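Residues per chain, in single letters:
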Amino acid sequence: MSEQGFKSGFVALVGRPNVGKSTLLNKMIGEKIAIMSPKAQTTRNKIQGIYTTDEGQIVFMDTPGIHKPHNSLGDFMVKTAMSALREADMVWFLVNADEPRGAGDDFIINRLKDTKTPVYLIINKIDLVNPADLLTIIDDYRQQMEFAEIFPISALKGDGVPELLDFAMDKMAEGPQYYPADQITDHPERFIMSELIREKVLQLTRQEVPHSVAVVIDKIERQDENHLHVQATIVVERPTQKNIVIGKQGAMIKEIGVRARKDIERLLGDKIFLETWVKVEERWRDKPQALQTYGYKE
Ligand code: GDP
Ligand code: MG
Ligand code: K
């Protein structure tokens, strides 16, 4: 550990398909990386790799909603992608040096413009272009939005990659080691499940239950190859809200469960047996411990 203390932070790695995101992750984290391979390509904080040194830890996450066109879950995806970007300490926007800027790049640029998180432009595959062309490319991207810094690299050959990593680690603030040094992936399914259940509560109860509702996934247990048993608790602040969420003879909670289960199944590709409970915890938002338990960072 360095004298200044351990550093840590999150990097959102974005870029249209084939720009070299996986190649870069592999180069950075080497054989230690295990790319997440859930059936879902849609989780909010899809952790792709964790880079740990004596100096600090950088968690790389993918934000799929940012590079996917709209579908039925489009709005939800864009919203969650945007909040993932806000939670990141920096965004690495990867583009391809040997292809002109395209619609896929512009789609992402338009979303990156809306975030306050610093965006680093990573121009990849510089081994395929001559330096004069590189300047034209940099100029073109610069005109689209403001970047905190621009890094030309070759993820394949490794050119510029150590410098990029050193730079990022340097920028990170002191912070905890979120994951053990030998852990390279997380299980973000938990996150998407709670987000989807929360979404259904808000949709179905409309104005009656405030946005302060939280959903905790208490248990995910695999029954067999295709079935997951999931237990979730919906946390509200007042007994009246609990009554609304449960509904007449449990009609509301049942409907919440049915709709959430369908979305979770569609996203994860597993059959879900979903059990939901409702709990009242007064003013949980004022309790730091509760905030952490319910997955809200300060
Ligand atoms: P992703 O879809 O963004 O994850 O892109 P991949 O990492 O799968 O890379 C797509 C293709 O580009 C693969 O064939 C890579 O080998 C190639 N590629 C990635 N980085 C570089 C690079 O720096 N130089 C060259 N020449 N090819 C690269
Ligand atoms: Mg990839
Ligand atoms: K690691």
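Just so we're clear, the structure is a prediction, and the values are computed from it rather than from any experiment. (Residues numbered from 1 in each chain as written. Chains lettered and ligands numbered in written order. Predicted model: local features only at pLDDT ≥ 70, side-chain atom pairs only at ≥ 80, totals over all residues. Heavy atoms only, no water.)

**Some details on the site of ligand 1**
Line of reasoning, step 1. Taken together, 15 residues sit near ligand 1, with N18, K21, S22, T23 and D127 positioned nearest.
Line of reasoning, step 2. Within the backbone of K21, a nitrogen or oxygen atom sits 2.8 Å from an oxygen atom of ligand 1.
Line of reasoning, step 3. Taking L156, its main chain carries an N or O atom lying 3.1 Å from an oxygen atom of ligand 1.
Line of reasoning, step 4. The fraction of the free accessible surface of ligand 1 (580 Å²) that becomes covered by protein chains is 73%.
Line of reasoning, step 5. Among the elements that take part in the shell around ligand 1, helix α1 (residues 21–29) stands out by supplying three residues, more than any other.
Line of reasoning, step 6. The residue inventory of the shell around ligand 1, partitioned by class, reads five nonpolar, six polar and four charged. (Near = heavy atom within 4 Å. Polar contact = N/O pair within 3.5 Å; in protein donor to acceptor, adjacent residues only side chain to side chain. Areas by Shrake-Rupley, 256 points an atom, 1.4 Å probe, with all protein chains shown as cover. Helix = DSSP H or I, 4+ residues; strand = E, 2+ residues; numbered from the N terminus. Nonpolar A, V, L, I, M, F, W, Y, C, P; charged D, E, K, R; others polar.)

**Some points on the confidence of the model for the protein**
Line of reasoning, step 1. The share of residues in the protein with pLDDT of 70 or more is 78%, and the mean pLDDT across the chain is 81.
Line of reasoning, step 2. When the elements of the protein are averaged for pLDDT, helix α9 (residues 288–293) gives the smallest value, 56, and strand β5 (residues 119–124) the largest, 98.
Line of reasoning, step 3. Across residues 31–44, where pLDDT falls below 50, the model places 46 contacts with residues more than four positions away in sequence or in other chains. (pLDDT = per-residue confidence, 0-100. Contact = heavy atoms within 4.5 Å.)

**Description of α1**
Line of reasoning, step 1. All of the buried residues along α1 are K21, L24, L25, M28 and I29. In a view along the axis of α1, the buried residues occupy a sector of 110°, so they form one face of it. (Buried < 20%, exposed > 50% of the residue type's maximum accessible area, 1.4 Å probe, protein only. Arc of directions from axis to C-beta.)

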